[in-house]
Amino acid sequence: MQIGPYQLKNRLIVAPMAGVTDRPFRMLCKRLGAGMAVSEMITANKALWTTPKTLRRANHEGEVEPIVVQIAGGEPQMLAEAARLNVEHGAQIIDINMGCPAKKVCNVAAGSALLRDLDNVGRILEAVVKAVDVPVTLKTRTGWSREVKTALAVAKMAEEAGIAALALHGRTREDMYRGDAEYDTIREVKRAISIPVFANGDIDSPAKAKQVLDYTGADAIMIGRAAQGRPWIFREIQHYLDTGETLPPPTVGEIRELMLGHLDELYGFYGEYSGCRIARKHIAWYTKGLVGGNAFRQQMYQLESTDQQRLAVDQYFSRLGEAGDRLSYVVEDEDKLDRDGGTVAEGEARCA
């Protein structure tokens, strides 16, 4: 898998997710088998470039290359300028967001709202590609609505403009995240263009990853929500693609150490106050479906310090380890769980 001068170690890519794919999460996913990870989207609005949130999103210290930064906006020259700035700050690949379905993004004619104006899509692609001397990729959806699917037209425009690779989510903006992703459009796009195509949407297991790769002919797969609380999914998928065999569940001890390490990175990256609160959604994802997880989360949400939070996680996984060596998931009626600590985060995560 090659993007410009960058040879990826495999065909597994972490999807950009606002509020999730920060530097600690990207680095963890790469360590656990992802070949590439795309940053949270950074606005092309200059007025926001110096805000703490934007500066933190642009922090790639110590990250394994390639460094991929996603930019979002609706005005060609603003996006071109944002691309140049991020390259100056270390971006090695620029990704353009034309897939985010969130209202606050679409209301400013960015994200998937751009799919209603293909003339502007063409201007944006041309402007950003010409603005930088690094590869530019594009993430988009199959169209604005099921009645008007524009993926094929956008893909051909992207190839003509010099886009290095295209990530395609198998839903329209109208679909948001409802229903099942469809892969017929991804298959059609792959057959029509010669640049790499990444299949995205509902890939949540090793078997599903292979199925989607085989059916679409895609060059790579992009995984988002399925990696929340399960970043080791990348090594599971790679093992299955290599051998046809399914890895056993990870040990409780390994995930305990992995989680504690992730928490330490979050605390160091965000500081005491924000680190404690941002960690809540990750802890909720990690523990969803585990024995006693719901009761643990309700207690964990009340903790106000990183020390308390870290100790609670340590003790919870120690108790799990006493009951069995490997992670074991149970069916729980707790999709609402995480309405306390996970709903807002999940809404953010689905932005990209």
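Relevant structure appears above.
The shown structure was predicted, so the numbers you read here are calculated from the model rather than taken from an experiment.

A. Layout of the nonpolar core. In this structure, I94, I96, V128, L138, I163, I221 and F234 are the most contacted members of the largest nonpolar core, which totals 62 residues. By residue number, the principal contributor to this core is helix α5 (residues 118-131), which donates seven residues. In this structure, F234 is in contact with L12, I13, V14, C29, L32, G33, A34, I223 and A227, ignoring residues within four places of it in sequence. With 29 residues, the next largest nonpolar core counts L28, L258, A279 and A284 among its residues.

B. Local environment of the pairing of strand β11 (residues 220-223). The side-chain alternation of β11 yields two buried faces, one formed by A220 and M222 and the other by I221 and I223. Relative to β11, strand β3 (residues 12-14) runs parallel, the two being bridged by three bridges. Bridge assignment links L12 to a residue of β11, and that residue is I221. As judged from the three bridges shared by strand β10 (residues 197-200) and β11, these two strands associate in the parallel manner. The residue bridging N200 from the neighbouring strand is M222, located in β11. A crossover links β10 with its parallel partner β11, the connecting element being helix α8 (residues 206-216), and its sense is right-handed.

C. Here's a closer look at the pairing of strand β6 (residues 68-72). Buried residues dominate β6, accounting for five of its five residues. Of the two faces of β6, both are covered, the one formed by V68, Q70 and A72 as well as the one formed by V69 and I71. Where strand β5 (residues 42-43) meets β6, two bridges bridge the pair, whose relative direction is parallel. Within the sheet, the bridge partner assigned to I42 lies in β6 and is I71. Relative to strand β7 (residues 93-98), β6 runs parallel, the two being bridged by four bridges. Within β7, the residue paired with V69 across the bridge is I94. Crossover connection from β6 via helix α3 (residues 76-88) to parallel β7: handedness right-handed.

What counts as what
Residues numbered from 1 in each chain as written. Predicted model: local features only at pLDDT ≥ 70, side-chain atom pairs only at ≥ 80, totals over all residues. Heavy atoms only, no water. Core = buried A, V, L, I, M, F, W, Y, C linked by side-chain atoms within 4.5 Å. Buried < 20%, exposed > 50% of the residue type's maximum accessible area, 1.4 Å probe, protein only. Helix = DSSP H or I, 4+ residues; strand = E, 2+ residues; numbered from the N terminus. Contact = heavy atoms within 4.5 Å. Pairing = 2+ DSSP bridges. Right-handed = clockwise from strand over helix to strand, strands pointing away.

Interpretation note: all reported values are geometric properties and have no functional meaning in isolation.
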